[in-house]
Amino acid sequence: MDRLPNLDPLRFFLASLVICFHTPQLCRNQGLPYFLDAPIFNRGTEAVYMFFVLSGFLIIRLIYRYKQRDDFSIRKFYIRRILRIFPLYYLIVAFGFLFYWLILPALHIPFENNYNLGEGVLLATFFLPNVFSKLYMPGGILEVLWSIGIEEQFYIIIAPLLYMIRKHKIVMILVLLTVVYFIVYHLDGLEVLRRYKFVYFFLFSGGIIAILEEKKYLEFLKRHWIIPLCIVVATLLYFVTDIVQFEQLWLSNLTTMILFGLFIHSLAHNNFGRTINNRLLNHLGHISYGIYMFHVIALNVVVFFMLKIQKHEIFNTTITILLIYILTFALTILLAHLSYKYFESYFLKLKTKFR
């Protein structure tokens, strides 16, 4: 399957927004200086939502293409997803429980584990880290896994669903499913869906955009460069200003869902040859899963270090904030690179046997 342009750098930028979102939060909780005034520092959740749209775009596109060749295997699909997601996911799960239950007590750092360890392990192991996160707030290393849980639940749903649907009905069923679920999600009395962030409509919407592109229904978006430019500008405004923010949750989610789908489509299919061919950015995109998974670990290390040296009043507020960001990004990227090269790559190589 061909690799679409510009999406690897996008993954890195989205992971960076998540780091910029979590860094001031932990600094504030630990009494370190922080900066949180610019809107872009408050768009971490929205960056994850774009990850969801992107995931739906790519996964449903992949399944749809296999379906067109009558060559879609659920078994191979799940094996590929397991090899990509599970090794690093369960590594972080194991480290997270060790960190909060053994390492912090050994360092005499107070942290309250307000849940039964067995229940926490079960929820994290069996694809419900989003429920675990909202029920108990078990600590940042484990809490960020909520989004991986949504992805895993999506995989469980989408593969058998698309396997059973006839090729010519896939778009209709996906649109119907997305509309119905979107309405149900925002109904009064169904707070449980919103509490645990079962935002599957973001993933389904990305897939709808991908299939519409495959069926050549989105050619009108490519006829003039001004269209993708407007979509990109609108998306940038979404992240750096409050212009595209709404009080009503349904309107905010609807805007986010449509805009993000069009933005990803514009990056991948703009037809104007605008491709990011930077090797470093592409590599950072390849390791973006590790960047997301390791960033809270790196952030905890950096904050612990800065708390130690803050007592000596060596740096002023501005330098302290900059150092925290620089060290967090550097350590996160280092951990993600080492993980990708010496751990994840072993499993990724096995994926080729199941294409």
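The residue numbering used here restarts from 1 in each chain and proceeds along that chain's sequence as written. Local features are withheld for residues below a pLDDT of 70 in this predicted model, meaning they are given only at 70 or higher, and side-chain atom pairs are given and counted only at 80 or more; totals for whole chains, interfaces and linings count all residues. Excluded from the side-chain calculations are hydrogens and water; all other atoms, namely the structure's heavy atoms, are used.

Chemist: Can you tell me about the overall build of the protein chain, naming the residues and giving the values?
Modeler: Looking only at helices and strands, one finds 15 helices and 0 strands in the protein chain. Expected size for 355 residues packed as a compact globule is a radius of gyration near 20 Å; at 21 Å, the protein chain falls within 12% of this value. Dimensions of the protein chain along its principal axes, counting C-alpha atoms only, are 65 × 45 × 45 Å. Relative accessibility decides the category of a residue: with a 1.4 Å probe and only protein chains considered, values under 20% of the type maximum give buried, values over 50% give exposed, and everything between is partly exposed. Classification of the 355 residues of the protein chain by burial places 51% in the buried group. If you take every contact in the protein chain between residues at least 6 apart in sequence, the share linking residues at least 24 apart comes to 79%. Residue-level accessible areas treat just the shown protein chains as cover; the underlying method is Shrake-Rupley with a 1.4 Å probe. Accessible area for the protein chain stands at about 17,500 Å²; split by element, carbon and sulfur atoms hold 66% of it. Between the averaged position of the 33 positive side-chain charges in the protein chain and that of its 20 negative side-chain charges there is a distance of 11 Å. Helix and strand definitions follow DSSP, with helices as H or I runs of at least four residues and strands as E runs of at least two, each counted in order from the N terminus. As a reference, a globule follows 2.2 Å times the number of residues to the power 0.38, and the radius of gyration itself is taken over C-alpha atoms. Contacts are assigned to residue pairs with any non-hydrogen atoms lying within 4.5 Å of each other. By the counting scheme adopted, Arg and Lys are positive, Glu and Asp are negative, and His together with the chain ends is not counted. Where a charge lies is defined by one atom per residue type: Lys uses NZ, Arg uses CZ, Asp uses CG and Glu uses CD.

Chemist: Kindly report on the packing of helix H1 (residues 7–29) against helix H14 (residues 288–310), identifying the contributing residues and their values.
Modeler: Between two packed helices, what matters for the description is the angle formed by their axes and the separation of those axes. To get an axis, fit a line to the C-alpha atoms, keeping to the stretch in contact for a helix; angles then go from 0 to 180 degrees between the N-to-C directions. For the pair H1 and H14, interaxial distance at closest approach is 10 Å and the crossing angle is 25 degrees. The angle between H1 and H14 places the two elements in the roughly parallel class. By crossing handedness, the relation of H1 to H14 is classed as right-handed. Residues Arg11, Phe12, Ala15, Val18, Ile19, His22, Thr23, Leu26 and Cys27 of H1 lie in contact with H14, whose contacting residues are Ser288, Ile291, Tyr292, His295, Val296, Leu299, Asn300 and Val303. Charged residues are taken to be Asp, Glu, Lys and Arg, nonpolar residues to be Ala, Val, Leu, Ile, Met, Phe, Trp, Tyr, Cys and Pro, and polar residues to be all remaining types, Gly included. For the contact of H1 with H14, a count of residues per class yields 11 nonpolar, 5 polar and 1 charged. By definition in this entry, angles of less than 35 degrees are roughly parallel, angles greater than 145 are roughly antiparallel, angles of 65 to 115 are roughly perpendicular, and the rest are oblique. Each crossing gets its hand from how the near helix is turned against the far one by less than a right angle, where anticlockwise is left-handed and clockwise is right-handed.

Chemist: Before we move on, can you summarise the packing of aromatic side chains with the specific residues and values?
Modeler: Any aromatic ring pair is given by two values, namely how distant the centres are and how the planes are angled relative to each other. For Phe, Tyr and Trp, rings pair up if their centres lie within 6.5 Å, where Trp contributes its six-membered ring, and each pair is then called stacked (planes under 30 degrees apart), edge-to-face (over 60) or tilted (otherwise). In this structure the tally under the stated criterion is 37 aromatic pairs. Taken together, a centroid distance of 5.1 Å and an interplanar angle of 80 degrees make the contact between Phe182 and Phe201 edge-to-face. Of this pair, Phe182 sits in helix H8 (residues 170–185) while Phe201 sits in helix H10 (residues 200–214), placing them 19 residues apart in sequence. Across the pair, exposure class does not vary: Phe182 and Phe201 are buried alike. One aromatic cluster is present, built from ring pairs that chain together Tyr49, Phe52, Trp146, Tyr181, Phe182, Tyr185, Tyr196, Phe198, Tyr200, Phe201 and Phe202. In this arrangement the basic side chain of Arg28 is found over the ring face of Tyr34, its NZ or CZ atom lying 5.9 Å from the centre. Taking the ring centre of Trp146 as reference, the NZ or CZ of Lys197 above it sits at 5.6 Å. Put simply, a charge is over a ring when the Lys NZ or the Arg CZ is close to the ring centre, within 6 Å, and near the line of the ring normal, within 35 degrees.

Chemist: Which residues make up a nonpolar patch on the surface, and what values do they have?
Modeler: Patch criteria: residues need more than 30% relative accessible area and no salt bridge. Like-charged residues are merged within 9 Å; nonpolar side chains of Val, Leu, Ile, Met, Phe, Trp and Tyr are merged within 5 Å. Salt bridges are identified by distance alone: a Lys or Arg side-chain nitrogen within 4 Å of an Asp or Glu carboxyl oxygen. On the surface, Ile40, Trp225, Ile226, Leu229, Val233, Leu237, Val240 and Ile243 cluster together into a nonpolar patch covering about 670 Å² of accessible area. Tracing the backbone through its elements, the reader meets Val233 in helix H11 (residues 226–240). Residue classification places Val233 among the partly exposed residues on the basis of a relative accessible area of 39%.

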